[in-house]
Amino acid sequence: LVMSIKRKVALGLLFLFVVIIGIATMGVYYLKTLSDDSENILRNNYESLEYSKRIIEHCDSLSLDSARSLAAIEKNLQWQEANITEKGEQELTHMLRVHIEKMKNTGITDSLTTKIRQASLAIQEINMQAIIRKNQISMNTAKRASNYLILIGTICTMLALTFMINFPGYIANPITQLTQSIKSIAN
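Residues numbered from 1 in each chain as written. Predicted model: local features only at pLDDT ≥ 70, side-chain atom pairs only at ≥ 80, totals over all residues. Heavy atoms only, no water.

**Quick look at the pattern of salt bridges**
Phase 1: This structure, assessed with the given rule, holds 12 salt bridges.
Phase 2: For Arg68, the salt bridge is made with Asp65, and the minimal N-O distance between the two is 3.4 Å.
Phase 3: The exposure class of Arg68 is exposed, given its relative accessible area of 58%.
Phase 4: Relative accessible area serves as the criterion here: at 34%, Asp65 is assigned to the partly exposed category. (Salt bridge = Lys/Arg side-chain N within 4 Å of Asp/Glu carboxyl O. Buried < 20%, exposed > 50% of the residue type's maximum accessible area, 1.4 Å probe, protein only.)

As structure tokens, then:
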């Protein structure tokens with residue numbers, strides 16, 4: 001009888017432990033997913049926005065210090081070439097490379113400066129759209145995680161409440177029966 005009670009207590013505690021671990025695991029999984037989504041947006045798209053912004057800024061200063069501005073444009077273009085993450089970005093970055101190489105070889109012209117600016121703005125637009133799209137994915141993941149956690153939490157709460165209501169009876173009933181049996185034998 002004592003072993004039966006110990007086993008029931010152990011199983012009841014094991015059940016509660018599994019419920020807690022399950023909820024914690026789901027919470028950690030969805031937090032990690034959201035964190036990865038956010039990091040992906042920042043790592044991939046924000047950097048491209050910065051590089052193309054700097055290229056445009058240095059286009060504005062080409063007339064003041066062309067050698068320094070071209071060197072800065074080249075450096076940002078190299079970083080951009082190493083950070084291509086979106087569909088269509090490769091072609092625009094290549095177009096940007098072609099225009100900058102042409103500017104290095106033939107000299108600075110308003111036409112080439114305009115083309116460099118347009119290609120940089122197009123890269124910015126692609127990355128802005130990607131940020132919006134990835135943000136929507138991240139929001140959907142958060143909503144889905146919230147719904148799952150609420151559902152699982154509700155189910156686990158109901159199970160735990162049922163367990164808490166019924167568990168004392170699983171322990172007390174055999175003890176009551178044992179006590180009654182001892183009293184019967186004593187009588």
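Picking up where we left off.
**Comments concerning helix α2 (residues 66-81)**
Phase 1: For α2, which comprises 16 residues, the first-to-last C-alpha distance of 22 Å matches the rise-based estimate of 22 Å (1.5 Å per residue) to within 8%.
Phase 2: What α2 keeps buried is the set Ser69, Leu70, Ala72, Ile73, Glu74, Asn76, Leu77 and Gln80. (Helix = DSSP H or I, 4+ residues; strand = E, 2+ residues; numbered from the N terminus. Expected span 1.5 Å × (residues − 1).)

**Some remarks on the environment of Tyr30**
Phase 1: In this structure, Tyr30 sits in helix α1 (residues 2-60).
Phase 2: A relative accessible area of 10% means that Tyr30 is categorised as buried.
Phase 3: Distance from Tyr30 to Asn105, taken between C-alpha atoms, is 52 Å for residues 75 residues apart in sequence.
Phase 4: Non-local contacts of Tyr30, meaning those with residues more than four positions away in its chain, are made with Thr141, Arg144, Ala145 and Tyr148. (Contact = heavy atoms within 4.5 Å.)

**Re the packing of aromatic side chains**
Phase 1: This structure, assessed with the given rule, holds three aromatic pairs.
Phase 2: The interplanar angle of 45° and the centroid separation of 5.7 Å between the aromatic rings of Tyr51 and Trp79 together place this pair among those described as tilted. Of this pair, Tyr51 sits in helix α1 while Trp79 sits in helix α2, placing them 28 residues apart in sequence.
Phase 3: Given the relative accessible area of 12%, Tyr51 is considered buried.
Phase 4: A relative accessible area of 38% places Trp79 in the partly exposed class. (Phe/Tyr/Trp six-rings, centres within 6.5 Å; stacked < 30°, edge-to-face > 60°.)

**Structural notes on the nonpolar core**
Phase 1: The biggest cluster of nonpolar side chains holds 14 residues, and the ones touching the most others in it are Ile55, Leu96 and Ile116.
Phase 2: Mapped onto this core, the elements with two or more residues apiece are α1, α2, α3 (89-106) and α4 (110-186).
Phase 3: Those residues within four positions of Ile116 in sequence are excluded, and the remaining contacts are Ile55, Cys59, Leu96, His99, Ile100 and Met103. (Core = buried A, V, L, I, M, F, W, Y, C linked by side-chain atoms within 4.5 Å.)

**What to know about the packing of α2 against α3**
The angle between the axes and the distance between the axes are what describe a pair of packed helices.
Phase 1: Remark: α2 packs on α3, axes separated minimally by 11 Å, with the N-to-C direction vectors making an angle of 155°. Taken together, α2 and α3 sit at an angle that is classed as roughly antiparallel. The handedness of the crossing between α2 and α3 is left-handed. Between α2 and α3, the residues in contact are Leu70, Ile73, Glu74, Leu77, Gln78, Gln80 and Glu81 and Glu89, Thr93, Leu96, Arg97, Ile100, Glu101, Met103 and Lys104, respectively.
Phase 2: Taken together, the residues of the contact of α2 with α3 sort by class into six nonpolar, three polar and six charged. (Axes fitted to C-alpha atoms, helices over the stretch in contact; angles between N-to-C directions. Parallel < 35°, antiparallel > 145°, perpendicular 65-115°, else oblique. Left-handed = near helix turned anticlockwise from the far one by under 90°. Nonpolar A, V, L, I, M, F, W, Y, C, P; charged D, E, K, R; others polar.)

**Looking at α3**
Phase 1: End to end, α3 covers 25 Å across 18 residues, agreeing with the expected 26 Å (1.5 Å per residue, within 8%).
Phase 2: Those residues of α3 not exposed but buried are Glu89, Leu92, Thr93, Leu96, Arg97, His99, Ile100 and Met103.
Phase 3: Phi for Gly107, located one or two positions after α3, is positive at around 110°.

**Describing a nonpolar patch on the surface**
Phase 1: Judged by side-chain polarity, Leu11, Leu14, Phe17, Val18 and Ile21 come together as a nonpolar surface patch covering roughly 490 Å² of accessible area.
Phase 2: Structurally, the position occupied by Leu14 is in helix α1.
Phase 3: Using a relative accessible area of 47% as the deciding quantity, one classes Leu14 as partly exposed. (Patch = residues over 30% accessible without salt bridge, like charges linked within 9 Å, V, L, I, M, F, W, Y side chains within 5 Å. Areas by Shrake-Rupley, 256 points an atom, 1.4 Å probe, with all protein chains shown as cover.)

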